[in-house]
Amino acid sequence: MAQLQSNVVRDGNGGQIKFPVFISQADLDLIEKEFVVEDGDVFVVTYPRSGTTWTEQMVHLLVNHGEQGEQRLTDAVPWLETLPHRPGGMIEFLKTMPQRRLFTSHLPHALMPPLRDTTAKVIYVARNPKDVAVSTYFHNQSKLGYEGTWEEHFQEFLNGDVGCGPYFDHILPWWQASQKDERILFLKYEDMKHDHAGNVARLASFLDLYADQGLIDRVVALSSFKSMTSNETTNFDWIPQKADKPKHFRKGEIGDWRNYFSAEQSLQMDDFVIKKLKDSGLQFDFGDGVTLPS
Ligand code: A3P
């Protein structure tokens, strides 16, 4: 069976985690040493498959007055961890960025470059772990050479043996940080699905951007699943992926996990969620009116 293609990197807390194969410890060391957060920077941070691309698009459109522009989303909102691979290197690339720099990142909180006393902001987006597990399974097959079964992937997900480390080790420190620092906005994928326009307005307000109803409507339209799938600057068709597996934009729904989880796996995940989120103040919507911890 082809294993997940990954690298092992330090997690910032004395342990180690898996990271996508094309990001090395040397890349993370360079970012730690040389990337300096500046006033006005915006970071969209997520555990993979939680709505990163969707949020990038909303932020990109809001900052650019509803104009898509010609750049691919991966250039307009570059992935922090891959900056060392940009032609000419990270520092040269940063010189080409507009004044209000937008980045995306999958870094755990402990590895994130410090915001210091800047006006930089972080939008952290979280998604219920059942849908993340399913979405990650297809992502790993399509883009990272994974050939394990769903059951094998499910166990690896529970064990944290997947890209960007254990799910709850990512979510919880970011959740706690968002409770203490008003420069960090914690959003949920499910809330964005239920109230897309309301969350666009919330993003605009968080970023101190004036957005009238016309701009909000435009951002909602251009960041819909359908629009992003058909737009060649947002659809990620340029990313190497297997033709016989689902694309980056797969279903975009809440509750698709029901098509893959057995009853036993669902209970196992419920126990895990309740144990991890107990007393955290954080809850997830799993679709069909199920919220945990309830
Ligand atoms: P599914 O695999 O469940 O379809 P990320 O961008 O963090 O990698 O997340 C990818 C997930 O977000 C995929 O989930 C994808 O379909 C979904 N997604 C991307 N754009 C979306 C949009 N505009 N609306 C809703 N879901 C979206």
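These numbers come from a predicted model, not from an experiment.

### Notes on the overall build of the protein chain
At step 1: Tallying secondary structure elements over the protein chain gives twelve helices and eight strands in all.
At step 2: Taken against the 2.2 N^0.38 rule, which gives 19 Å for 294 residues, the C-alpha radius of gyration of the protein chain at 18 Å falls within 12% of a compact globule.
At step 3: Projected onto its principal axes, the C-alpha coordinates of the protein chain cover approximately 50 × 45 × 40 Å.
At step 4: Taking the intrachain contacts of the protein chain between residues at least 6 apart in sequence as the baseline, contacts between residues at least 24 apart amount to 72%.

### Section: helix α5 (residues 129-143)
At step 1: Compared with an ideal rise of 1.5 Å per residue, which puts 15 residues at 21 Å, α5 spans 20 Å between its outermost C-alpha atoms and is within 8% of the ideal.
At step 2: Most of α5 sits out of view: 15 of its 15 residues are buried.
At step 3: Gly-145 sits one or two positions beyond α5 and adopts a positive phi of about 70°.

### Brief notes about the packing of helix α2 (residues 52-63) against helix α10 (residues 213-222)
At step 1: Where α2 meets α10, the axes come as close as 9 Å, and the angle between the chain directions of the two elements is 145°. Taken as a pair, α2 and α10 cross one another with a handedness that is right-handed. Touching Gln-57, Met-58, Leu-61 and Leu-62 of α2 are Leu-215, Val-219 and Leu-222, all from α10.
At step 2: Its residues assigned to classes, the contact of α2 with α10 shows six nonpolar, one polar and no charged.

### Remarks on the side chain of Asp-270
At step 1: Note on placement: Asp-270 falls in helix α12 (residues 263-277).
At step 2: Each residue touching Asp-270, except ones within four places of it in the same chain, is listed here: Lys-130 and Leu-292.

### Some words on the site of the ligand
At step 1: Lining the immediate environment of the ligand, one finds 18 residues, of which Thr-52, Thr-53, Ser-135, Lys-251 and Gly-252 sit closest.
At step 2: Between the ligand and Arg-49, the relevant distance is 3.2 Å, taken from an oxygen atom to a main-chain nitrogen or oxygen of the residue.
At step 3: Backbone polar atom of Lys-251 to an oxygen atom of the ligand: 2.6 Å apart, as the coordinates give it.
At step 4: Elements represented by at least two residues in the shell around the ligand include exactly α2 and α11 (225-230).
At step 5: Examining the composition of the shell around the ligand, we find that three residues originate from one element, α2, more than from any other.
At step 6: For the shell around the ligand, a count of residues per class yields five nonpolar, nine polar and four charged.

Here is what the cut-offs are and how they apply
Going along each chain's sequence as written, the residues are numbered from 1 onward. For a predicted model such as this one, the threshold for reporting local features is a pLDDT of at least 70, and the threshold for listing and counting side-chain atom pairs is 80 or more; totals across whole chains, interfaces and linings nevertheless cover every residue. To obtain the side-chain values, all non-hydrogen atoms of the structure were included, while hydrogens and water were left out. We count a stretch as a helix when DSSP gives it H or I for four or more residues in a row; a strand needs E for two or more, and each element gets its number in order from the N terminus. Radius of gyration: over C-alpha atoms. The globule rule applied is 2.2 Å multiplied by the number of residues raised to the 0.38 power. Contact criterion: two residues are considered in contact whenever any of their non-hydrogen atoms come within 4.5 Å of each other. By this rule the span expected of a helix is its residue count minus one, scaled by 1.5 Å. Each residue's exposure class comes from its accessible area (1.4 Å probe, protein chains only) as a fraction of the maximum for that residue type: buried when under 20%, exposed when over 50%, partly exposed otherwise. The angle between two axes is taken between their N-to-C directions and runs from 0 to 180 degrees, where each axis is a line fitted to C-alpha atoms and a helix contributes only its stretch in contact. Crossings are sorted by hand: turned counterclockwise from the far helix by less than a right angle, the near helix makes the crossing left-handed, and turned clockwise it makes it right-handed. Note on residue classes: Ala, Val, Leu, Ile, Met, Phe, Trp, Tyr, Cys and Pro are nonpolar, Asp, Glu, Lys and Arg are charged, and everything else, Gly too, is polar. Throughout, the term near means that a residue has one or more heavy atoms lying within 4 Å of the molecule or strand in question. Side-chain atoms alone can form a polar contact between residues adjacent in sequence; in general such a contact is a pair of N or O atoms within 3.5 Å, and within protein one must be able to donate a hydrogen while the other accepts it.

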